[in-house]
Amino acid sequence: MSRVSGYVVRAPNPLNPAKRVVLVGGWSTYGTVAAARWLVESGDGRSLGADVAVLVEASVLRDGHVCAPRLLRQENLGG
């Protein structure tokens, strides 16, 4: 079993500052899956606060299954 990390960022849309964008990524494909899974299961996409960054971690089983991610850190962006 290995551990992976991923991130979710909700920030102003640079093309339309009245709107927000959500970026999901990871330090590997599995990290991106962990971040997306956290957003769907725990982040409740539409209720995730504006201007926030989240770091998550999850275990990956030998068969490639990404276990439920846990929140490592959440920070508000900007002032």
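What you are looking at is a predicted structure, and each value in this text was computed from that prediction instead of being measured. (Residues numbered from 1 in each chain as written. Predicted model: local features only at pLDDT ≥ 70, side-chain atom pairs only at ≥ 80, totals over all residues. Heavy atoms only, no water.)

## A few points about the packing of aromatic side chains
Within the structure shown, the criterion is met by one aromatic pair. Note on Y7 and W27: the rings are 5.5 Å apart at their centroids and 75 degrees apart in plane angle, and the pair reads as edge-to-face. Taken as a pair, Y7 in strand 1 (residues 2-13) and W27 in the loop between strand 2 (16-26) and helix 1 (29-43) lie far apart in primary sequence, 20 residues in all. Note on Y7: relative accessible area 33%, which makes it partly exposed. A residue is classified by how much of its surface remains accessible, and W27, at 61% relative accessible area, is exposed. (Phe/Tyr/Trp six-rings, centres within 6.5 Å; stacked < 30°, edge-to-face > 60°. Helix = DSSP H or I, 4+ residues; strand = E, 2+ residues; numbered from the N terminus. Buried < 20%, exposed > 50% of the residue type's maximum accessible area, 1.4 Å probe, protein only.)

## So, the pairing of strand 3 (residues 52-60)
Along strand 3, seven of the nine residues are buried, which leaves the element largely enclosed by surrounding structure. Note that strand 1 and strand 3 share nine bridges and pair antiparallel. In the sheet register, V4 faces strand 3, and the bridge partner there is A58. Direction of pairing for strand 3 relative to strand 4 (residues 70-76): antiparallel, over a ladder of six bridges. (Pairing = 2+ DSSP bridges.)

## Thoughts on the nonpolar core
Core analysis: the largest hydrophobic core is formed by eight residues, namely V8, A35, W38, L39, L48, V52, V54 and V56. Breaking this core down by element, the ones donating at least two residues are helix 1 and strand 3. Not counting residues up to four positions away in its chain, the partners in contact with V54 are G6, Y7, V8, W38, L71, R73 and Q74. Counting residues in hydrophobic clusters, the runner-up holds five residues, among them V4, A34, V60 and V66. (Core = buried A, V, L, I, M, F, W, Y, C linked by side-chain atoms within 4.5 Å. Contact = heavy atoms within 4.5 Å.)

## Focus: the side chain of N13
Within the element layout of this structure, N13 appears in strand 1. For N13, a relative accessible area of 18% translates into the label buried.

## Re the pairing of strand 1
Pairing of strand 1 with strand 2, which is carried by eight bridges, proceeds in the antiparallel orientation. Its bridge partner being in strand 2, Y7 is matched across the sheet by G25. Where strand 1 folds back on strand 2, the antiparallel hairpin that results is connected by two residues.

## Observations regarding a nonpolar patch on the surface
A cluster of nonpolar side chains, Y7, L23 and W27, forms an exposed patch at the surface whose accessible area comes to about 360 Å². Inspection of the secondary structure puts L23 in strand 2. Given the relative accessible area of 48%, L23 is considered partly exposed. (Patch = residues over 30% accessible without salt bridge, like charges linked within 9 Å, V, L, I, M, F, W, Y side chains within 5 Å. Areas by Shrake-Rupley, 256 points an atom, 1.4 Å probe, with all protein chains shown as cover. Salt bridge = Lys/Arg side-chain N within 4 Å of Asp/Glu carboxyl O.)

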